[in-house]
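Breakdown of the fold
In case you want the letters, here they are:
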Amino acid sequence: MKPHVDDNLTQRVQAAMGAHEAPLVRYATRMVSRAETARDIVQDTFLKMIEAETAPTDGKLPAWLFTVCRNKALDVLRKEKRMNLLNDNEQAIAATDPNPAEAVELGETSCRVLDALAQLPPNQREVLRLKYQNEFSYRQIAEITGHSVSNVGFLIHTGMTKLRRQFKTGGMIG
Amino acid sequence: MNLNENDPKLTAFASGELDDTERKEVEAYLAEHPEARAKVEEIRAAGDMLAAAFAVEPADGLKDYQRQAILENARIAQQGRGNLSGLQQAAEGKTFTLPAPTRIFVLRRWLSLAAAAIFGMTVGIGLFAFQQNQAGLTDRETQLASSKTEGREDKPSDTIPLIDIPKFPEDKAARPGTIPGSPATPASPAKATEDELAYPKVYDVRDLSVRVTWGNDSPDSPLITGATEKPGPTRKEKWNREAYDRIVDNPFLAALGNPLSTFSIDVDTASYSNTRRMLNGGALPPRGAVRIEELVNYFPYDYAPPKTDSKRPFAVHTAVAVCPWQPKHKLVRIALKGKKIPAAKRPPSNLVFLLDVSGSMCDDNKLPLVRKSMKMLVDRLGENDRIAIVTYAAKTKLVLDSTSCHKKAAIIKAIGQLISEGRTDGGEGIQLAYKVAAKNFIKNGTNRVILCSDGDFNVGTTSSSELTRLIENKAKTGVFLTVLGFGMGNYQDNRLEQLADKGNGNYGYIDTAAEAKKLLVDGLTGTLITIAKDVKIQVEFNPARVAAYRLIGYENRMLKKEDFNDDKKDAGEIGAGHTVTALYEVVPVGQKTPAVAPAKVDTLKYLTPAKLTKAADGDEMLTVKLRYKLPAGEKSTLMQVALKDADGKIGRQDKDFQFAAAVAGFGMILRDSPYKGTYTLAAVEELAAAAKGKDPNGYRAEFIALVKKARKLKKI
């Protein structure tokens, strides 16, 4: 087998970790709740980046990482027979997050914002975070989550409409 | 287009998602529908609020050991993707030959013994260089390639150590290819079954059959108990060991051919705290992380200090005991005790804390612990002491200019306001810290920069050698450097140690508040006040009584015999009240021992062989010589002490000696030293328990608990 020397794999991995490590851990924690499990998932995501010859080396990398991460998290959830995150008809359940780091004091507004977010269905929550926290485009979100682009648009629209109303009523905007 | 107020396209527009064509369409629509426009504005505002709230959320990252595992794998993969095939082959249970390192070390053992000692030193330096090199294995490959003497084909898979990724439960611990347990083991190919191999699985998200258990979901998960995060129970003991196996244990040397043993003293204790942290976390430490002298020196011993009227800064004691792990051998202990300086007589201090506040420091066991440690220290200082705080992350900041500790409140406030942010750039920080220290220099006082870091010490625009030169030069002006490591994995350990070395200071690792107290409160005078610098030891063994000897530990402190009298050569420092212990395992004349290779050197043609002098006739086993300089001095002073031979029975009564021996044995077993013989952790535990003594601070009890943990992990 011809050795194929990949000259800047280490640098790319390091750069990828610098940029995406925390967002990925956060993303994974949203899905599986336990921080340690989430970290394992993210570690494996980066290992996959090293091992998979098909890992993108360009601007497609972030979405790819999130996709891999999401799939691994789903596997974990499936293995543990937890509730199916993809079911849109699920009751809105506040994110269970026993992460002690969350106990850090957020400003009152941020607190209320995140509370409002927590009341949305998991699907909408996920795409809203991908959009406003991770700054992915609709297309990238579609790639990551497996939804169609128009479905992504619909989920974001529904979620944002509800939030908009809540924030307005709460006097936070408008 | 047909839009309405409730169209998802409006939301997409508000979030900047649409392409030019669609955007223009929406803009046109909005121009005519003010209510829709208002809604869009509201959505934009809501989006901004969301983004703002997300930005404030704390960002957890991976643990250090996880990052290191990832980077190590990247480096290995970078070497050659072809390796994956080699590893996959191995994974399929095919045989493979041992990686080159083993052959090298086996080969080296049979070199002339004098060369072996030098080899140990060069390897130590090579290790340091290796760790500096981002491309990691490239240097090592070169190192190996240049020392290959056999005609072996250069298969990439041969030179790449197998990396064990933590947490795959089906990977078993045994990894063939590490340094053989005894010099006599020839390098033989090992048959590797799937069970025995640790290999990275190349897996595919679509292949759901390859699933493993994730993390630690037990009820005593730290998330629930709030305990310190553990590395995870499935982390294998041999993770990444290969990368640190560059410290070769000092071999036995024949006294006749090598009568002189020269080394620099060391009071660092970081290796013990680091090892303790790993064992408490449920993992055996990598071999290279265990520096035996730092384990032994961690514990306080009851050595007699110098007499009050003595001009000397420390007292030297020697003793002999039977060697616990090899009763036919003896153990010689050289003990130094620095003079104590009562806290009240402490000279005024000018301290500059140089703190790494980069993002990686926000873990509980890092910046919060740094703050706690600093508060503890400030509490002990007085109005004649000054403290300044420099932080470095993305920016370098003088958070607190040099302030008298009279103003404790202001200092404590500044400490409380330290937050972590951004990436690390240490070079500027160090320069600023030294500047501040120089500006507030106290003549005949303690002037020190105290660097607190998690080891992620990126020097940014300053090159590594510029930095060491700076530190060395500053040390000459009397501003010393103490390095305190927090929360880090192994990776930068050697580097921080080197910095402390160059800076004439000490290196400690703080993993808990208790350790902070030991170093900064109980050990305050020791940490802050240097009483002697460049302290070197040279032992001359009497070949009439000693057949062979071996220095236990201090591998990266060895000096050439000429360095002893060379005042330009840097060596270690002793702080007030510090103890330093060095142990030699000695083979008495008359004992046949396979430990020393027979010297197959030809008789010299132009010189007659060395003859024993009259002095050798007496009952002296060895003479210990020491050279030291006073902190502000440039010329060294010589001290000399002879040790009479003894059967070692008295040494057996000395609890301190026995305990130190137990600790040394522990270190040897953790390092899988070729010289541990049949010594077991059970024997270590027994010896330590018997030698526990009063143990006022509980350090010895803690050690015994660690031995128990190690036994559990090794399943023995």
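It should be emphasised that the depicted structure is a prediction, and the values quoted were computed from it without experimental measurement. (Residues numbered from 1 in each chain as written. Chains lettered and ligands numbered in written order. Predicted model: local features only at pLDDT ≥ 70, side-chain atom pairs only at ≥ 80, totals over all residues. Heavy atoms only, no water.)

Let us look at the overall build of chain A. Check the secondary structure of chain A and you find seven helices and zero strands. Scanning chain A from its N terminus toward the C terminus, one meets helices and strands in the order α-α-α-α-α-α-α. In chain A, which comprises 174 residues, the share counted as buried stands at 57%. Pairs at least 24 apart in sequence give 65% of the contacts found in chain A among residues at least 6 apart. Looking at chain A as shown, the accessible area adds up to about 7,800 Å², and 51% of this sits on carbon and sulfur atoms. (Helix = DSSP H or I, 4+ residues; strand = E, 2+ residues; numbered from the N terminus. Buried < 20%, exposed > 50% of the residue type's maximum accessible area, 1.4 Å probe, protein only. Contact = heavy atoms within 4.5 Å. Areas by Shrake-Rupley, 256 points an atom, 1.4 Å probe, with all protein chains shown as cover.)

All chains considered together, the criterion is met by 33 salt bridges over all chains. The partner of B:R67 in a salt bridge is A:E21, and the shortest N-O contact between them spans 2.9 Å. With B:R67 in helix α4 (residues 64-79) and A:E21 in helix α1 (residues 9-32), the pair connects residues from two separate chains. For A:E21, a relative accessible area of 7% puts it in the buried group. Put simply, B:R545 and B:D645 hold a salt bridge, and the shortest N to O gap is 3.0 Å. (Salt bridge = Lys/Arg side-chain N within 4 Å of Asp/Glu carboxyl O.)

In this section: the confidence of the model for chain A. All names here are of chain A. Within chain A, residue pLDDT values average 77, and 78% of them lie at 70 or more. Across chain A, the secondary-structure element scoring lowest on mean pLDDT is helix α4 (residues 108-118), at 76, and the one scoring highest is helix α6 (residues 138-145), at 91. Considering only residues more than four positions removed or in separate chains, one finds that residues 1-5, a stretch of pLDDT under 50, has nine contacts. With pLDDT under 50 throughout, residues 82-105 is counted as low confidence; its partners more than four residues away or in other chains account for 39 contacts. (pLDDT = per-residue confidence, 0-100.)

With that out of the way, let us pick up the sheet that holds strand β6 (residues 386-392) of chain B. All names here are of chain B. Spatially, β7-β6-β5-β8-β9-β10 is the arrangement adopted by the six strands of the open sheet, whose pairing is mixed. At either end of the open sheet lies a strand with only one pairing partner, and these are β7 (396-404) and β10 (507-510). Strand-to-strand twist of the sheet, defined as the mean angle between neighbouring strand axes without regard to direction, takes the value 15°. Sheet topology places strand β9 (residues 480-486) next to β10; four bridges connect them, and they run parallel. Residue pairing in the sheet places F486 in a bridge with I510 of β10. Each of β6 and β7 touches helix α14 (residues 408-416); the most contacted strand, β7, lies at about 160° to it. Across the sheet, helix α18 (residues 513-522) lies against β9 and β10, angled at about 150° from β10, the strand it touches most. (Pairing = 2+ DSSP bridges. Axes fitted to C-alpha atoms, helices over the stretch in contact; angles between N-to-C directions.)

Low pLDDT marks stretches whose predicted atomic positions should not be read closely. Residue and element names in this part refer to chain B. Per-residue pLDDT for chain B averages 73, and the proportion of residues at 70 or more is 70%. Taken together, the stretch residues 82-245 has pLDDT below 50 and engages in 271 contacts with residues farther than four places along the chain or on a different chain. Across the predicted assembly, pTM comes out at 0.53 and ipTM at 0.77.

Right, let's get into the nonpolar core. Counting 74 residues, the largest nonpolar core has A:V13, A:F46, A:L128, A:M160, A:L163, A:F167 and B:L50 as the members making the most contacts within it. The greatest single-element share of this core, amounting to eleven residues, is contributed by helix α3 (residues 61-79) of chain A. With residues near it in sequence (within four places) discarded, A:F167 still touches A:V113, A:A116, A:M172, A:I173, B:A46 and B:M49. In terms of nonpolar packing, the next biggest core, distinct from the first, is built from 67 residues, B:V320, B:L336, B:I537 and B:I574 among them. (Core = buried A, V, L, I, M, F, W, Y, C linked by side-chain atoms within 4.5 Å.)

Residue and element names in this part refer to chain B. The backbone of N504 sits at a positive phi, close to 55°, despite the residue not being glycine. Classification of N504 as buried rests on a relative accessible area of 7%. The backbone of Y554 sits at a positive phi, close to 60°, despite the residue not being glycine. By secondary structure assignment, the location of Y554 is in the loop between β12 (546-552) and β13 (572-575). Using a relative accessible area of 1% as the deciding quantity, one classes Y554 as buried.

The next thing to look at is the packing of aromatic side chains. Residue and element names in this part refer to chain A. Counted under the stated rule, the structure contains 19 aromatic pairs over all chains. A ring pair is formed by F66 and F136, whose centres lie 4.7 Å apart and whose planes are at 80°; its orientation type is edge-to-face. Remark: F136 occurs in the loop between α5 (122-132) and α6 and F66 occurs in helix α3; sequence separation between them is 70 residues. Take F66 and F136: they sit in the same class, and that class is buried. (Phe/Tyr/Trp six-rings, centres within 6.5 Å; stacked < 30°, edge-to-face > 60°.)

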